[in-house]
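# Per-entry structural report
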Amino acid sequence: MTVAALTDEGLDGGAVETRFAVPDMHCAGCIAKIERLLPQQPGVRAARVNFSSRTVAVSHGPTLSEPDLIRAFDSIGFEAQALHSAAASQRGQALTPLIRALAVAAFAAMNVMLLSVSIWSGADGSSRHLFHWISAAIAIPAVAYAGRPFFASAWKALRAGTTNMDVPISIGVLLATSMSLYETIVDGEHAWFDGALTLLAFLLAGRVLDEMMRGRAASGAEALVRRTATGAMRLAEDGSSQWVGADDLAVGDRVLVVAGERLAADGVIANGRSRFDLSLLTGESAPVTLGEGDTAAAGTLNLDAPVTLRVTAVGEARAIAEIARLMDSASQGKSRYVRLADRLSRLYAPVVHTLAGLSFAGWMLSGAGWHQSILVAIAVLIITCPCALGLAVPVAQVVVSGTMMGKGLLVKDGSALERLAQADILLLDKTGTLTLGRPTAEGAATIPEAQRPIALALATASRHPLAIALRQALVGLGVSAAPLEDVVESPGEGVSARHEGRAVAMRRPRESELAAEADDDRAAVALDLGGDAPIIVRFADALRPDAADALTQLAELGLPARIMSGDRSDAVGTVARQLGIPGEGNMRPADKMAVLEGEIAAGRHPLMIGDGLNDGPALATAHVSMAPASASDVGQQAADIVFLGDSLLGLPRAVRAARAAMGVVRENLALAITYNVFAVPLAMAGKVTPLIAAVAMSTSSLIVVANSLRLRSAVK
Amino acid sequence: MNGLLILIPLALLLSLGGLVAFLWSLRAGQYDDPDGAAMRILIDDDEGPTG
């Protein structure tokens, strides 16, 4: 597709908005650069930076795909990662009502607290009576509005015959409010309006943070099946052809697959010979040549020439549908993980109910009368408020994931951090994960210096992966392109042109030219640059920089590594020896999944790192998984954490950050529990006044927040 | 006591104003990008000749 065509297509139809994470923005200059230069790229209409979240909202034509836009970011010098917009807007929808409720609760609490402080300072008689009435007038509508999230959830739990954290909260708030109203009417001494509202405000703050960390359901399997073609050109007996949908294909049909088309069904090649991109199923990026009698799976991309395919499997029987099923079942297993906060709240409700019930019964038995007994029970419900408990986990996770985002690590949900902190064994895919997954020119420096500008100009004329790799290598050497005339690109052959009257070319090498190094199976390109002999440049899939360093650091953190790859065993062996870790090749997606299931059954917590579609089931099965930003859609969706950039050092960094976060979470929980150990006996003894409750509740919550903020420097 | 009858409604009115202002600013998107707002003031928008 040429640039001009892209512009025209990009301008019809309505604009689409896509959000990208761009962690490299550091200053006002970056904002200005992105917002000014990005709209100058073909098809892009507008870009709006959100510096706080390090994201950019790009408004663009509907035909521009995410990879196109990522290239556009690349061309102005930023690395970007697409964020899925539907999920972001869903999250916003759940968040806004909570923030509004928090605002109402906090403002009402402040006003009531002002009146309560006057009462505690000695206002009595008619002033106290008046202040209580004003408090009631503010508190009752505020509780009715801000308490709705809790009441709704508690009601749902009670109707289902279960109990959750919201049940004691709702009972506590409602009892405190109605008892305070009674006290106000009879001109009693203590009203708990301020306690009920402060409780709601702190709890809502925890709820808001928790909502920010909640993961969205990843539908990796769905994205996988979308990658197959929607239909195919069916050939009839008489030689005529007709386009039919994928659902209408039957086993035995003959279909024509032209170059650039994906297969809609599994089949055997009946006629023709072409190169195929099998990366969808194997993760191997180098094209494979298939001829008559070879089998090809749905989702495979035909690169070169038209072939005729005899269909052998359709619909659910296709290999790709099998992967989708594996991923579906695997992600169901992962959703069984119960977050720490949820585990605690399951314990919390029965304990609090019992304590409040016991205090009420105890005071009744000692002959205190129902009025005082209920007041004590309310004090217990309020003082055991899980404010600090509700803040303990989300505050720490929000702080850490915010700092991780700044370092190019995108955490999808809070439970991923909990699971990552538990990881104790590392399983890696090879292609695209340990290696860059794209060719790197190795012999670019052997091109004579005078001829490098011509080579660069030729490489720039093509979008073939090898040409792009050569261009990057030459640009890295500080070369600038020479002018060329009559540039012609012929698919499968290369680029030819004229430079100062002489014919020059970048082309596929001939058999004879490679004969000298017949045992070298790396991809190669021949360059005719006006010299005598053509220059052969070799390409290899290089290891990511710092791969060895990252693996050493992970081993020190207690995560021994192992390679699981779908690639050939000898290729895996080479990389494994280079890094000094065990490795296994020729593994199918189901094999990888079986290894992970075995590790989990043995009580270990595997961290899986992979990128290809073939890693999808493994990423979904693993206790926790990470994928590079260069991974396929499915890989990124199945992974819990996505890391940007070529360096693997983000992996040990993420593990350290997750462990630091869980350390702080545990400290927070210990603080919250210590607070309750001291406060609950006081409340049960009837010694807690609204003043003590207000001070204790705020202090414990603030300590937890302050402790969590220490994590801002934890991601190094 | 008479002072209170004026001052309390006044205080409540002012704080209600605060709440309304907060909800308005939330709706207007003022909290969407606090760091960016601090940075944008530094962007020099003058493309034309200075004089």
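Residues numbered from 1 in each chain as written. Chains lettered and ligands numbered in written order. Predicted model: local features only at pLDDT ≥ 70, side-chain atom pairs only at ≥ 80, totals over all residues. Heavy atoms only, no water.

## A look at the interface of chain B and chain A
Put simply, the rule reads: A contact between two residues is defined here by any heavy atoms of the two lying within 4.5 Å. Simply put, the buried area is the total loss of 1.4 Å probe accessible area from both parts when two parts are fitted together. We define a salt bridge as a side-chain nitrogen of Lys or Arg found within 4 Å of a carboxyl oxygen belonging to Asp or Glu. Within 3.5 Å is the distance limit for a polar contact, defined as a pair of N or O atoms, with the added protein rule that one can donate a hydrogen and the other accept it, and that residues adjacent in sequence qualify only through two side-chain atoms. Strands here mean DSSP runs of E at least two residues long; helices mean DSSP runs of H or I at least four residues long; both are numbered from the N terminus.
Each partner contributes to the interface: chain B provides 23 residues, whereas chain A provides 24 residues. Between chain B and chain A, the buried area comes to about 1900 Å², and carbon and sulfur atoms account for 70% of it. One can count one salt bridge joining chain B with chain A. Among the salt bridges present, the one from Arg-40 of chain B reaches Glu-35 of chain A, with a minimum N-O distance of 2.9 Å. In this assembly, chain B and chain A are joined by three residue pairs in polar contact (both at pLDDT 80 or more). At the level of secondary structure, the elements contributing two or more residues to the side of chain B that touches chain A comprise helix H1 (2-27) and helix H2 (34-40) of chain B.

## With respect to the sheet that holds strand S25 (residues 624-628) of chain A
Residue and element names in this part refer to chain A. This is how the line gets drawn: Strands are treated as partners if at least two bridges between them are detected by DSSP. Between the N-to-C directions of two axes lies an angle of 0 to 180 degrees, each axis being a line fitted to C-alpha atoms and, for a helix, fitted only over the stretch in contact.
On the basis of which strands lie adjacent, the open sheet formed by seven strands has the order S14-S26-S25-S24-S15-S22-S23 and mixed pairing. One side of each edge strand has no neighbouring strand; the edge strands of this open sheet are strand S14 (409-411) and strand S23 (583-584). This element, helix H15 (residues 414-422), spans S14, strand S24 (606-609), S25 and strand S26 (641-643) of the sheet and lies at about 105 degrees to S25. This element, helix H25 (residues 650-684), spans S14, S24, S25 and S26 of the sheet and lies at about 45 degrees to S14.

## Section: the packing of aromatic side chains
Residue and element names in this part refer to chain A. Note the following rule: Note on aromatic pairs: the rings of Phe, Tyr and Trp (six-membered ring only in Trp) are paired at centre separations within 6.5 Å, and the planes decide the class, stacked below 30 degrees, edge-to-face beyond 60, tilted for the rest. The buried label goes to any residue with under 20% of its type's maximum accessible area, the exposed label to any with over 50%, and the partly exposed label to all in between, with areas taken from a 1.4 Å probe on protein chains only.
If you walk through the whole model with that rule in mind, you get three aromatic pairs over all chains. Ring centres of Phe-20 and Phe-73 lie 5.2 Å apart, and the angle between their planes is 55 degrees; this geometry places the pair in the tilted category. Taken together, the positions of Phe-20 in strand S1 (residues 16-21) and Phe-73 in helix H3 (residues 66-75) put the pair 53 residues apart, joining distant regions of the chain. Across this residue pair, the class does not change: Phe-20 and Phe-73 are buried. Aromatic side chains Tyr-182 and Trp-370 sit 6.4 Å apart centroid to centroid with 50 degrees between the ring planes, which places their arrangement in the tilted category. Remark: Trp-370 occurs in helix H13 (residues 370-383) and Tyr-182 occurs in helix H7 (residues 166-185); sequence separation between them is 188 residues.

## Let's talk about empty space enclosed by the protein
All names here are of chain A. For clarity, the threshold we go by: Cavity and pocket criteria rest on a 1 Å grid covering protein atoms alone: a 1.4 Å probe that fits but cannot get out defines a cavity, protein on both sides within 12 Å along at least 5 of 7 lines defines an open pocket, and an atom within 4 Å of a point defines a lining residue. Grid points are joined across faces, edges and corners, and a volume is the space filled by probe spheres set on the points. Three classes are used, and their members are as follows: Ala, Val, Leu, Ile, Met, Phe, Trp, Tyr, Cys and Pro are nonpolar, Asp, Glu, Lys and Arg are charged, and the others, Gly among them, are polar.
A full pass over the atoms with the stated rule returns four cavities of 30 Å³ or more. Taken as a whole, the largest cavity encloses approximately 80 Å³ of empty space. Of all elements in the fold, only helix H4 (85-120), helix H5 (126-146) and helix H8 (193-213) reach the threshold of two or more residues within the lining of the largest cavity. With five residues, H4 is the largest single contributor of residues to the lining of the largest cavity. A breakdown of the residues in the lining of the largest cavity according to their chemical character gives six nonpolar, four polar and two charged. Estimated volume of the second largest cavity: approximately 60 Å³. Lining the second largest cavity are 11 residues; nearest its centre among them are Pro-168, Ile-169, Tyr-348, Leu-381 and Cys-385. The greatest single-element share of the lining of the second largest cavity, amounting to three residues, is contributed by H7. In terms of residue class, the lining of the second largest cavity is built from nine nonpolar, two polar and no charged.

## With respect to the nonpolar core
Residues and elements named next belong to chain A. The criterion, for reference: Only buried Ala, Val, Leu, Ile, Met, Phe, Trp, Tyr and Cys residues count toward a nonpolar core, and they belong to the same one when joined by side-chain atoms within 4.5 Å.
Counting residues in hydrophobic clusters, the biggest one holds 117 residues, and the most contacted among them are Ile-383, Leu-426, Leu-434, Leu-551, Leu-607 and Met-626. Top element by residues in this core is H25. It accounts for 15 residues. Ignoring sequence-local partners within four residues, the contact set of Ile-383 consists of Tyr-675, Asn-676, Ala-679, Val-680, Ala-683, Val-688, Ala-693 and Ala-696. Formed by 27 residues, the second largest nonpolar core is a distinct cluster that contains Ala-482, Val-525, Ile-535 and Val-537.

## Things to note about helix H21 (residues 569-579) of chain A
Residues and elements named next belong to chain A. Rule in force here: Here the arc refers to the set of directions running from the helix axis out to each C-beta atom.
Regarding H21, the residues found buried are Ala-571, Val-572, Val-575, Ala-576 and Leu-579. Buried residues of H21, viewed axially, fall in a sector of 130 degrees; they line one side. Set apart from the buried face of H21 by more than 90 degrees, the exposed residues are Asp-570, Arg-577 and Gln-578. On its buried face, H21 sits against helix H16 (430-434), strand S21 (535-543), helix H20 (547-556), strand S22 (561-564) and S23. One or two positions beyond H21, positive phi appears at Gly-580, with a value near 70 degrees.

## Overview of the packing of helix H12 (residues 340-365) of chain A against H13 of chain A
All names here are of chain A. Just so we agree on the cut-off: Comment on the angle field: the value is read as roughly parallel under 35 degrees, roughly antiparallel over 145, roughly perpendicular from 65 to 115, and oblique elsewhere. Definitions for this section: a left-handed crossing has its near helix turned counterclockwise from the far helix by less than a right angle. A right-handed crossing has that turn clockwise.
For the pair H12 and H13, interaxial distance at closest approach is 8 Å and the crossing angle is 155 degrees. Judged by the angle between their axes, H12 and H13 are roughly antiparallel. Classified by chirality, the crossing of H13 by H12 is right-handed. Between H12 and H13, the residues in contact are Val-352, Leu-355, Ala-356, Ser-359, Phe-360, Trp-363 and Met-364 and Trp-370, Gln-372, Ser-373, Ile-374, Val-376, Ala-377, Val-380 and Leu-381, respectively. Residue composition of the contact of H12 with H13, grouped by class: 12 nonpolar, three polar and no charged.

## A word on the environment of Gly-406 of chain A
If you trace the backbone, Gly-406 of chain A turns up in helix H14 (residues 387-406). Measuring from C-alpha to C-alpha, the distance between Gly-406 of chain A and Met-25 of chain A comes to 8.9 Å, with 381 residues separating the pair along the chain.

## As for the environment of Leu-102 of chain A
Residues and elements named next belong to chain A. Structurally, the position occupied by Leu-102 is in helix H4. Sequence-wise, Leu-102 and Gly-188 are 86 residues apart; in three dimensions their C-alpha atoms are separated by 29 Å. Look past the residues within four positions of Leu-102 in its chain and what remains in contact with it is Ala-201, Leu-204, Ala-205 and Val-208.

## What to know about a nonpolar patch on the surface
Rule in force here: Patch definition: residues with relative accessible area over 30% and no salt bridge; like charges joined within 9 Å; nonpolar side chains (Val, Leu, Ile, Met, Phe, Trp, Tyr) joined within 5 Å. Residue exposure ignores everything except the shown protein chains as possible cover, and the areas themselves are Shrake-Rupley values with a 1.4 Å probe.
A grouping of Trp-133, Tyr-182, Ile-185, Val-186, Phe-360, Met-364 and Trp-370 of chain A is seen on the molecular surface, where their side chains present a nonpolar patch of about 680 Å² in accessible area. When residues of the nonpolar patch are traced back to their parent elements, those giving at least two are H7 and H12 of chain A.

## Points about helix H22 (residues 589-601) of chain A
Residue and element names in this part refer to chain A. Basically, it comes down to this: Helix span, as expected, comes to 1.5 Å for every residue beyond the first.
Over its 13 residues, H22 extends 18 Å from the first C-alpha to the last, a length consistent with the 18 Å expected when each residue adds 1.5 Å. Taken together, the buried positions of H22 are occupied by Pro-589, Lys-592, Met-593, Leu-596 and Glu-599. Taken end-on, H22 shows its buried residues confined to a sector of 120 degrees, consistent with a single buried face. Directly beyond the C-terminal end of H22, a positive phi value near 90 degrees is found at Gly-603.

## Concerning the side chain of Asp-640 of chain A
All names here are of chain A. Tracing the backbone through its elements, the reader meets Asp-640 in the loop between helix H24 (633-638) and S26. Take Asp-640: its relative accessible area is 6%, and that puts it in the buried class. Polar contacts involving the side chain of Asp-640 include one to the side chain of Arg-419, which spans 3.0 Å.

## Quick notes on the confidence of the model for chain A
Residue and element names in this part refer to chain A. Note the threshold: pLDDT runs from 0 to 100 and stands for how confident the predictor is about each residue.
Summarising the model, chain A shows a mean pLDDT of 81, and 89% of its residues fall at 70 or more. In the model, residues 1-12 has pLDDT below 50 throughout and makes 15 contacts with residues more than four positions away in sequence or in other chains. Long-range and interchain partners of residues 216-220, a stretch whose pLDDT sits below 50, account for eight contacts in this model, where long-range means more than four residues apart.

## What about the pattern of salt bridges?
Residues and elements named next belong to chain A. A complete count under the given rule lists 12 salt bridges over all chains for this structure. For Arg-234, the salt bridge identified is with Asp-253, shortest N-O distance 3.0 Å. Note that Arg-234 is positioned in strand S5 (residues 231-235) and Asp-253 in the loop between strand S6 (241-245) and strand S7 (254-257), a separation of 19 residues in sequence. Exposure remark for Asp-253: the relative accessible area of 15% places this residue in the buried category. By sharing partners, the salt bridges in this structure join Asp-429, Lys-592 and Asp-615 into a single network.

## Description of the side chain of Asp-266 of chain A
Residue and element names in this part refer to chain A. Mapped onto the elements, Asp-266 comes out in strand S8 (residues 266-271). On the accessibility criterion, Asp-266 (10% relative accessible area) is buried. In terms of polar contacts, Asp-266 uses its side chain to reach the backbone amide nitrogen of Ala-298, at 2.7 Å. Not counting chain neighbours up to four residues away, the residues in contact with Asp-266 comprise Ala-296, Ala-297, Ala-298, Arg-310, Val-311, Thr-312, Ala-313, Ala-317, Arg-318 and Ala-319.

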